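Per-entry structural report
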Amino acid sequence: MSDTEFMITRDDELYHHGVKGQKWGIRRYQNKDDSLIKSGKKHSTKISNFLSKHKEKTVAKKASKTPTSKEISKLTDDELKKRIDRMDLEIKYKSKYSELHPAKVSAGRKFLKSMTGVTTSSLEKAGKNIGGQLATYLAGELTNKIAGKEVVNPKKGQKDK
């Protein structure tokens, strides 16, 4: 089966195709007595290095997470004040930075902002119109369901004549 073909599997079946080029009964990284060969030792070292790095990363992530309410209750007043002061400083910095370096606004947004006074009333009218049409449609559908037959054309709000 080539790489481009797909195989349909069922949930209750298990498929294992082995390692390409590996012979039956030949172990890849160990001898028959389960002792590792040279490439097996190299492979296990790679895996253990990867796992230790992964553990370090997860420990670092857990340590950098914000403290829970239990951890916060264990903090002293001075530590809490320092954290609050730090947060306040970060908020002030972000607001000052955004004042000095305003975000670039696309031409489309500038156009829409300039048109807000004009389009607001148009959008209100359109919204009211669509809302009215939706209410009429739903009322017609409900009437037809209650009657058990088509009494009203829900798209027009009245029976077609």
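Residues numbered from 1 in each chain as written. Predicted model: local features only at pLDDT ≥ 70, side-chain atom pairs only at ≥ 80, totals over all residues. Heavy atoms only, no water.

This paragraph deals with the overall build of the chain. Regarding its fold elements, the chain presents five helices and zero strands. Secondary structure of the chain in N-to-C order comes out as α-α-α-α-α. Evaluated residue by residue, the chain yields a buried proportion of 4% over its 161 residues. When the accessible surface of the chain is summed, it comes to about 15900 Å², and 58% of that surface belongs to carbon and sulfur atoms. (Helix = DSSP H or I, 4+ residues; strand = E, 2+ residues; numbered from the N terminus. Buried < 20%, exposed > 50% of the residue type's maximum accessible area, 1.4 Å probe, protein only. Areas by Shrake-Rupley, 256 points an atom, 1.4 Å probe, with all protein chains shown as cover.)

Let us now look at the pattern of salt bridges. Taken as a whole and assessed by the stated rule, the structure comprises one salt bridge. Between Arg86 and Glu90 there is a salt bridge whose closest N-O contact spans 3.0 Å. Taken together, the positions of Arg86 and Glu90, both in helix H3 (residues 77–100) and four residues apart, correspond to about one turn of that helix. Under the relative-accessibility criterion, Arg86 is labelled exposed at 54%. A residue is classified by how much of its surface remains accessible, and Glu90, at 36% relative accessible area, is partly exposed. (Salt bridge = Lys/Arg side-chain N within 4 Å of Asp/Glu carboxyl O.)

Every α-helix winds through 3.6 residues per turn, so residues three or four apart in the chain are directed the same way. With 24 residues, H3 should reach 34 Å at 1.5 Å per residue; the first-to-last C-alpha distance of 35 Å fits that figure. Little of H3 sits out of view: just zero of its 24 residues are buried. (Expected span 1.5 Å × (residues − 1).)

Mapped onto the secondary structure, Asn144 falls in helix H5 (residues 116–147). With near-sequence residues (within four places) excluded, Asn144 lies in contact with Lys149, Glu150, Val151, Val152 and Pro154. (Contact = heavy atoms within 4.5 Å.)

Where nonpolar side chains cluster on the molecular surface, the patch consists of Ile47, Phe50 and Leu51 and spans about 310 Å² of accessible area. Summarising the element assignment, Ile47 is placed in helix H1 (residues 38–64). (Patch = residues over 30% accessible without salt bridge, like charges linked within 9 Å, V, L, I, M, F, W, Y side chains within 5 Å.)

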